[in-house]
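# Summary of the model geometry
Residue-level listing of the chains:
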Amino acid sequence: MQTSWENWSGNLRCTARVVEPESLSELARAVKQGASRGRVRLCGGGYSWSPLVPTRDTLIHMRRLDRCLSLDEGGDPPTVRVEAGITIRALTRFLRAQGFSLISPPMFDLVTVGGAAATGSHGTRLSAGCFSDGIESLSLLTARGEVVEIDRTDLSALRAARVSLGALGVVHAVTLRCERAFRVKVEQRYHPLDRVIAELSDLTSTYEFAELMWMPGEADVLVRGLERTTSPETPALWPSGVLHPLRMQTGVLAGEVLLPGIERLRPDLAPRLMRFGRVVMFAEGAWVRDATREWHHIDRYPRCLDFSCSVPIESAGRAFQILRAALEESRARGRYPVNLGLLARFTGPSDSYLAACEGRASCFIEVATVRGTPDFDRFRQEAHDRLIEAIPTMRPHWGKLLLAPATWRHRFDRMGDFLVQRARFDPEGVFLNEFLEREVFGL
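The following paragraphs examine the structure supplied in this document. (Residues numbered from 1 in each chain as written. Predicted model: local features only at pLDDT ≥ 70, side-chain atom pairs only at ≥ 80, totals over all residues. Heavy atoms only, no water.)

How two aromatic rings sit relative to each other is set out by the distance from centre to centre and by the angle between their planes. Applying the stated rule across the entire model yields 14 aromatic pairs. Taken together, a centroid distance of 6.0 Å and an interplanar angle of 80° make the contact between tryptophan 8 and tryptophan 49 edge-to-face. Here tryptophan 8, found in the loop between β1 (2-6) and β2 (13-19), pairs with tryptophan 49, found in the loop between β3 (40-43) and β4 (58-61); they are 41 residues apart in sequence, far enough to count as distant. For the pair shown, tryptophan 8 and tryptophan 49 are each scored as buried. Relative to tryptophan 408, the ring of tryptophan 398 has its centre 5.5 Å away and its plane inclined at 85°; by these criteria the two rings are edge-to-face. You can see tryptophan 398 sitting in the loop between β18 (395-396) and α12 (415-425) and its partner tryptophan 408 sitting in the loop between β18 and α12, a full 10 residues away along the chain. (Phe/Tyr/Trp six-rings, centres within 6.5 Å; stacked < 30°, edge-to-face > 60°. Helix = DSSP H or I, 4+ residues; strand = E, 2+ residues; numbered from the N terminus. Buried < 20%, exposed > 50% of the residue type's maximum accessible area, 1.4 Å probe, protein only.)

Following this line, the structure appears as structure tokens:
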């Protein structure tokens, strides 16, 4: 039966035959039947903004395949085996209870492991690449419903399958590297934006985990620097402890109720609300906390629109300056296209073929605004054009709003290697949709 599907943010929808298998055998049957009828695509939590999911044929929802299968505590490195439909939140809680931590998980923890891997999602960690690089092996179902285990004995296949956009087959389970849990000292301070941009190399050489959060129009930027420590945890006080859920819910309420109304009626008042929001959401301070909790210090989001790009880490300051200039020009014209702010995070190089940080240490710059904000589409088009002109090596984040997809394959140095593996595992293109086939791969 055909069912309507819509993603979390409401910018994507389709009508397809939706299947929700609960076991590997049911998944294999669904894949085989779907392939006999047409094409097959996958869905996790539906938190992506890019058109990777929509299809007119069969859509397999992975949310019932959400089990932790095993934990190898004594391995070198330790590993955990999970089904692809488990959320980062559920897996983090499981590992925390056993004294372990994931490596470079994405900040928003309601996404599934399979979705985070397929789109090359990332945390902030200069000693690691994207989340997918932690995959030691995975089980992939082909169009015939056969299960193929891909591991380091076939490194080219593994590098393709880690960030696959769902284009090689259906990933049922993955084995992820993990590490012993540890604590971090968090220093969260506001500093002048110009100074931070000028001294970015100092920031990234000082902290293994660093991120920036900037509200348009403000002269300063919030700098979060994290470093490992053996000190005991700070008592659960503001801003990281017992008031955290209240602060997050306040942000969701403002983003889904207050800001949309203000943007429609009095957009000039949006900066004042944003200034109030930064005080509520991001107070200055220093504290010690379990690292797995600090990875997800923003764990609730209003339904929003979001685009993100990766640039070489040495181009991060230039990218920030371009975005700031574009926003200042918009404000001078009485337009306020961005109201949830800019976030910058830093990663090491990846060896996954389609990872946006493949082959280079990178800065991911994310721009977010509430749904319905006037002029956002125009702004992101202008910002994209300026960024790609100034930084031709800019790459897209596969899970976010996307522009000019026909140009992307030339920005990924290992795209050719990926396409070889794609043809090997799915020669008939069963696991493509029109967007991937025509716009991204040009097949």
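Right, picking up where we left off after that structure.
If you walk across this open sheet you meet the 8 strands as β14-β11-β13-β12-β16-β17-β15-β18, and the pairing is antiparallel. Two strands bound the open sheet, and with one partner strand each, they are β14 (285-290) and β18. Taken together, the 2 bridges between strand β15 (residues 304-312) and β18 define a ladder with antiparallel strand orientation. Along β18, the bridge assignment pairs serine 310 with arginine 395. (Pairing = 2+ DSSP bridges.)

All right, on to the side chain of histidine 384 then. Its place among the elements puts histidine 384 in helix α11 (residues 376-390). By relative accessible area, which is 12% here, histidine 384 ends up buried. Of the polar contacts made by the side chain of histidine 384, one reaches the side chain of aspartate 385; its length is 3.3 Å. In contact with histidine 384, other than residues within four places in its own chain, are Met394, Leu403, Ala404 and Arg411. (Polar contact = N/O pair within 3.5 Å; in protein donor to acceptor, adjacent residues only side chain to side chain. Contact = heavy atoms within 4.5 Å.)

The residue glutamate 358 is located in the loop between β16 (341-347) and β17 (362-370) in this model. Classification of glutamate 358 as buried rests on a relative accessible area of 10%. With residues near it in sequence (within four places) discarded, glutamate 358 still touches Ser350, Ser352, Tyr353, Arg395, Asp413 and Arg414.

Attention now goes to the pattern of salt bridges. Summed over the entire model, instances satisfying the criterion amount to 35 salt bridges. Across the pair glutamate 187 and lysine 185 runs a salt bridge whose closest N-O atoms are separated by 3.5 Å. The partly exposed category is assigned to glutamate 187, whose relative accessible area is 24%. With its nearest N and O atoms 2.6 Å apart, the salt bridge here joins glutamate 329 to arginine 386. (Salt bridge = Lys/Arg side-chain N within 4 Å of Asp/Glu carboxyl O.)

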